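# Observations on the model geometry
One letter stands for each residue in the lines below.
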Amino acid sequence: MRELINSFSCLEAGGLLDRLARAAAAIGGTAYAGFVGVDPLRHEARPIHLHGPPGDPLGVRRWLSESGVLKELAAASAPVRLPRDAALGEPGFLATPVPLATRDHTFLWVAGRGFGDNDEHLLSRFATASGRALEAASGLEAAVHLLRGVRAFRPA
């Protein structure tokens, strides 16, 4: 039992989100990526995780909260692409839904340059893989809880 619990416990959800965001940034050819969660009624979106360079040189954190993109994502069911306009402080943004059966609506996003159709296609494929990885991690976490319960109540 201990061996099963140890092997199933090796994947931490927070660490997985960070690794997925870093990989999305690499796929998108930018330094910024993250996840946004949308409530079930699709009224509000909130950042779940943000990966970006130290000091946030493009001001993406501020832009996410002030630009209205979160409201746009709350209402969206398809990818959202916004052009880059440095003069207006628009970093360039691409977000795509993450297909998850066990969570609220989630978007994976990248920011920091102009994005095209190929970027959207690659990010959508990666979002699907990310959704499966997050669901698998959630399943392993549930299995660990069950195994700990079995171990706690087994006869001596």
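Described below are features of the structure shown in this document.

Rules and cut-offs
Residues numbered from 1 in each chain as written. Predicted model: local features only at pLDDT ≥ 70, side-chain atom pairs only at ≥ 80, totals over all residues. Heavy atoms only, no water. Patch = residues over 30% accessible without salt bridge, like charges linked within 9 Å, V, L, I, M, F, W, Y side chains within 5 Å. Areas by Shrake-Rupley, 256 points an atom, 1.4 Å probe, with all protein chains shown as cover. Salt bridge = Lys/Arg side-chain N within 4 Å of Asp/Glu carboxyl O. Lys, Arg positive; Asp, Glu negative; His and termini not counted. Charge placed at Lys NZ, Arg CZ, Asp CG, Glu CD. Helix = DSSP H or I, 4+ residues; strand = E, 2+ residues; numbered from the N terminus. Buried < 20%, exposed > 50% of the residue type's maximum accessible area, 1.4 Å probe, protein only. Pairing = 2+ DSSP bridges. Expected span 1.5 Å × (residues − 1). Contact = heavy atoms within 4.5 Å.

Okay, a positive patch on the surface next. On the surface, a cluster of positive charge is contributed by Arg2, Arg148, Arg151 and Arg154. Topologically, arginine 148 is positioned in helix H5 (residues 117-153).

Turning next to the pairing of strand S1 (residues 32-38). In terms of residue burial, S1 counts as a mostly covered element, since seven of its seven residues are buried. The alternating pattern of S1 places Tyr32, Gly34, Val36 and Val38 on one face and Ala33, Phe35 and Gly37 on the opposite face, and all of these are buried. When S1 meets strand S2 (residues 45-51), the two strands line up antiparallel, connected through six bridges. When the sheet's bridge partners are listed, valine 38 is paired in S2 with alanine 45. With antiparallel pairing between neighbouring strands as the criterion, S1 and S2 make up a hairpin whose turn holds six residues, including arginine 42 at a positive phi of roughly 60 degrees.

Under the 1.5 Å per step criterion, the end-to-end length of helix H2 (residues 13-28) is 22 Å for 16 residues, consistent within 8% with the ideal 22 Å. Among the residues of H2, those classed as buried are Leu16, Leu17, Leu20, Ala21, Ala24, Ala25 and Gly28. The inward-facing, buried residues of H2 contact S1, S2, strand S5 (105-111) and H5. Positive phi shows up at glycine 29, right after H2, with a value of about 65 degrees.

Moving on, we come to H5. With 37 residues, H5 should reach 54 Å at 1.5 Å per residue; the first-to-last C-alpha distance of 54 Å fits that figure. Of the positions making up H5, those classed as buried are Asp119, Leu123, Phe126, Ala127, Ser130, Gly131, Leu134, Ala137, Val144 and Leu147. Turning to H5, the residues buried within the fold contact helix H1 (2-8), H2, S1, strand S4 (90-98) and S5.

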